[in-house]
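Coordinate inspection notes
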Amino acid sequence: MVTIRSATAHDHEAIWKIFHAVVAPGNTWSFEPTIGRDEALAYWFAPANRCFVAEFDGDVAGTYILKPNHAGLGSHVANAGFMVAPTARRTGVGRAMGEHALCEARRLDFRAMQFNFVVSTNEPAVRLWQALGFRIVGTLPGAFRHSQKGFVDAYVMFRSLVDD
């Protein structure tokens, strides 16, 4: 069973371990694979972000952030970023966080959610977001420098939260 709650300072080490494990391979996120702990946590816990953790079998197995995609006249569209510990993949943690993020975004009166940079070769993520109602609304050709595959496309994915 997956439990999702707001992250606290006590979660920093668990989040850093997940962040590092996800980013270091250079295949799904645009962060430098060598990003340091302080810089990573400063990004994840930025003031505009709402940060959550997913617990699976009593351990922090995933984390996500939710924030406005843009300020001002674009602040009604949410943006989010998700990371699942490699040991927790294919357990439902990612789906649970995605569903939670959609509910949380609605609760906060966002009208839509947009992902600005979903790496096209991250097929599990693309499939999950499509299963949760997101559409690919744009392709950024060669926008991501994959550590093994070279330059690959990134997708912009979008979902309305008011047309449900």
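So, here is what we can say about the structure in this document. Along each chain, residues carry numbers from 1 onward, in the same order as the chain's sequence is written. At least 70 in pLDDT is required for a residue's local features to be given in this predicted model, at least 80 for side-chain atom pairs to be given and counted, and no such filter applies to totals for whole chains, interfaces and linings, which use all residues. Each side-chain value is worked out from all heavy atoms of the structure, with water and hydrogens disregarded.

The next subject is the overall build of the protein. A tally of regular secondary structure across the protein gives four helices and seven strands. What counts as a helix is a DSSP run of H or I of at least four residues, what counts as a strand is a run of E of at least two, and both are numbered from the N terminus. Secondary structure of the protein in N-to-C order comes out as β-α-α-β-β-β-α-β-α-β-β. What you see for the protein is a C-alpha radius of gyration of 15 Å, in line with the 15 Å of a compact globule of 164 residues. Taken along its principal axes, the extent of the C-alpha atoms in the protein is 40 × 35 × 30 Å. Radius of gyration here uses only the C-alpha atoms, and the compact-globule reference equals 2.2 Å multiplied by the residue count raised to the power 0.38.

Within the fold, Pro86 resides in the loop between β4 (77–84) and α3 (93–107). Residues Pro86 and Ile18, spaced 68 residues apart in sequence, show a C-alpha to C-alpha distance of 7.8 Å.

This next bit is on the nonpolar core. In terms of nonpolar packing, the biggest core is built from 48 residues, with Phe19, Met83, Met113, Phe115 and Trp129 touching the most fellow members. Any two residues whose heavy atoms approach within 4.5 Å at even a single point are treated as in contact. The residues touching Met113, leaving out its near neighbours within four places in the chain, are Leu66, Val77, Ala78, Ala80, Ala101, Leu102, Ala105, Phe134, Met157, Phe158, Arg159 and Leu161. Grouping buried Ala, Val, Leu, Ile, Met, Phe, Trp, Tyr and Cys residues that are joined through side-chain atoms within 4.5 Å yields what is termed a nonpolar core. When accessible area is computed with a 1.4 Å probe and restricted to protein chains, residues below 20% of their type maximum are described as buried, those above 50% as exposed, and intermediate ones as partly exposed.

For the rest of this paragraph, the subject is the pattern of salt bridges. A carboxyl oxygen of Asp or Glu within 4 Å of a side-chain nitrogen of Lys or Arg is what we treat as a salt bridge. Applying the stated criterion to the full structure yields five salt bridges. In this structure, Arg5 and Glu55 form a salt bridge, with 3.1 Å as the shortest nitrogen-oxygen distance. Taken together, the residues span a long stretch of sequence, with Arg5 in strand β1 (residues 2–6) and Glu55 in strand β2 (residues 50–56) at a distance of 50 residues. For Arg5, a relative accessible area of 27% translates into the label partly exposed. Relative accessible area serves as the criterion here: at 22%, Glu55 is assigned to the partly exposed category.

Among all positions in helix α2 (residues 37–44), only Ala40, Leu41 and Trp44 are buried. For α2, the angular spread of the buried residues around the axis is 95 degrees, confining them to a single face. Every exposed residue of α2 that faces more than 90 degrees away from the buried side is listed here: Asp38, Glu39 and Ala42. Working note: the arc is built from the helix axis to C-beta atom directions.

Here we take up the side chain of Asn69. Along the chain, Asn69 falls in the loop between β3 (59–68) and β4. We classify Asn69 as buried; its relative accessible area is 13%. Among residues more than four places away in sequence, those in contact with Asn69 are Val77, Ala78, Asn79, Gln114 and Asn116.

Tracing the chain through its elements places Ala112 in strand β5 (residues 112–119). Dropping the residues within four chain positions of it, Ala112 is found in contact with His76, Val77, Ala78, Phe158, Arg159, Ser160 and Leu161.

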